[in-house]
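Inside the fold
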Amino acid sequence: MTDGWVRIGRLVSGAISDPKPLQRPKPPLRLGSSDEKRGLRVVAEHADVRPNAALPGTEIAEPQRLSRVVDDHCATVDRAVQVRLPSDADSALRLAESYVDAGFTELVLMPAGRDDVG
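Described below are features of the structure shown in this document. (Residues numbered from 1 in each chain as written. Predicted model: local features only at pLDDT ≥ 70, side-chain atom pairs only at ≥ 80, totals over all residues. Heavy atoms only, no water.)

**So, the overall build of the protein chain**
Just so we agree on the cut-off: Helix and strand labels come from DSSP, where a helix needs a run of H or I of at least four residues and a strand needs a run of E of at least two; each type is numbered from the N terminus. Using a 1.4 Å probe, the Shrake-Rupley method yields the accessible areas, and only the shown protein chains count as cover for residues.
Across its full length, the protein chain carries 3 helices and 4 strands. Overall, the protein chain shows an N-to-C arrangement of helices and strands of β-β-α-α-β-α-β. For the protein chain, the exposed surface amounts to about 8,800 Å²; the carbon and sulfur share of it is 53%.

**Considering the environment of His 46**
Selection criterion: Burial classification: accessible surface area is computed with a 1.4 Å probe over protein chains only, and a residue below 20% of its type maximum counts as buried, one above 50% as exposed, and the rest as partly exposed.
Secondary-structure assignment places His 46 in helix α1 (residues 39-46). By relative accessible area, which is 47% here, His 46 ends up partly exposed. In sequence terms His 46 and Leu 31 are 15 residues apart; their C-alpha atoms lie 7.9 Å from each other.

**Notes on the nonpolar core**
What counts, and what does not: Buried Ala, Val, Leu, Ile, Met, Phe, Trp, Tyr and Cys residues form a nonpolar core when they are joined through side-chain atoms within 4.5 Å. Whether two residues are in contact is decided by their heavy atoms: any pair within 4.5 Å suffices.
Counting 7 residues, the largest nonpolar core is built from Leu 40, Val 43, Ala 44, Ala 47, Leu 66, Val 69 and Val 70. The set of elements that each furnish at least two residues to this core consists of α1 and α2 (61-73). Not counting residues up to four positions away in its chain, the partners in contact with Val 43 are Leu 31, Gly 32, Ser 33 and Arg 50.

**Concerning the pattern of salt bridges**
Keep this limit in mind: Any carboxyl oxygen of Asp or Glu within 4 Å of a side-chain nitrogen of Lys or Arg constitutes a salt bridge here.
Summed over all chains, the structure comprises 4 salt bridges. The network of salt bridges with shared partners includes Glu 36, Glu 62 and Arg 65.

**Things to note about a nonpolar patch on the surface**
The condition that has to hold: For patches, a residue must show more than 30% relative accessible area and have no salt bridge; joins then use 9 Å for like charges and 5 Å for nonpolar side chains, namely Val, Leu, Ile, Met, Phe, Trp and Tyr.
A surface patch of nonpolar side chains, amounting to about 310 Å² of accessible area, comprises Val 6, Ile 8 and Leu 11. By the secondary structure assignment, Val 6 is in strand β1 (residues 6-8).

**As for α2**
To keep things clear, this is the line we draw: In this scheme, a helix's expected span is set at 1.5 Å multiplied by one less than its residue total.
For α2, built from 13 residues, the straight-helix expectation of 18 Å at 1.5 Å per residue is met to within 8% by its first-to-last C-alpha distance of 19 Å. Looking at the buried positions of α2, the neighbouring elements they touch are α1 and α3 (89-101).

**What about the packing of α1 against α2?**
The description of two helices packed together rests on the angle between their axes and the distance between the axes. Basically, it comes down to this: Between N-to-C directions, angles cover 0 to 180 degrees, with each direction set by a line fitted to C-alpha atoms, over the stretch in contact for helices. Crossing chirality is assigned from the near helix's rotation relative to the far helix, an anticlockwise turn below a right angle marking it left-handed and a clockwise turn marking it right-handed. Residues are grouped as follows: Ala, Val, Leu, Ile, Met, Phe, Trp, Tyr, Cys and Pro are nonpolar; Asp, Glu, Lys and Arg are charged; all remaining types, including Gly, are polar.
Running from N to C, α1 and α2 cross one another at 65°; their axes reach a closest spacing of 8 Å. As for the relative orientation of α1 and α2, their crossing is right-handed in sense. Of the residues in α2, those touching α1 at Leu 40, Arg 41 and Ala 44 are Leu 66, Val 69, Val 70 and His 73. Tallied by class, the residues present in the contact of α1 with α2 amount to 5 nonpolar, 1 polar and 1 charged.

**Looking at the environment of Gly 32**
Summarising the element assignment, Gly 32 is placed in the loop between β2 (11-13) and α1. A residue is classified by how much of its surface remains accessible, and Gly 32, at 53% relative accessible area, is exposed. Residues contacting Gly 32, with those up to four places away along its chain left out, are Val 43 and Pro 51.

**Quick notes on α1**
The test is simple: The arc in question is the one spanned by the directions pointing from the helix axis to the C-beta atoms.
Those residues of α1 not exposed but buried are Gly 39, Leu 40, Val 43 and Ala 44. Seen end-on, α1 carries its buried residues on one side only, within an arc spanning 135°. Packing partners of the buried residues in α1 comprise α2.

Next comes the structure, spelled out in structure tokens:
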């Protein structure tokens, strides 16, 4: 079934074109990479937000270093980091504060599992 359109060789007749309007404001473009030469340059040039999915146990020095690389590629960069929270509230707060103290301006908090929400 073609819902009213007909294919004639490489041509299509009777198809409905219904593109959706542009969103304003547009959704933020989130790009991430750890490729320092090319990937982070693209992030710096095009991303609205740079997520950094730091694995549990990753020292804060590594996301800081990669953010400095992004800063070198583009003078003005919105920095964001995704943080997997420890299960106890005090440790989670200390971890989030360490990222803020390090200069990150946006945090996406990700509880590790059901037991970590509360």
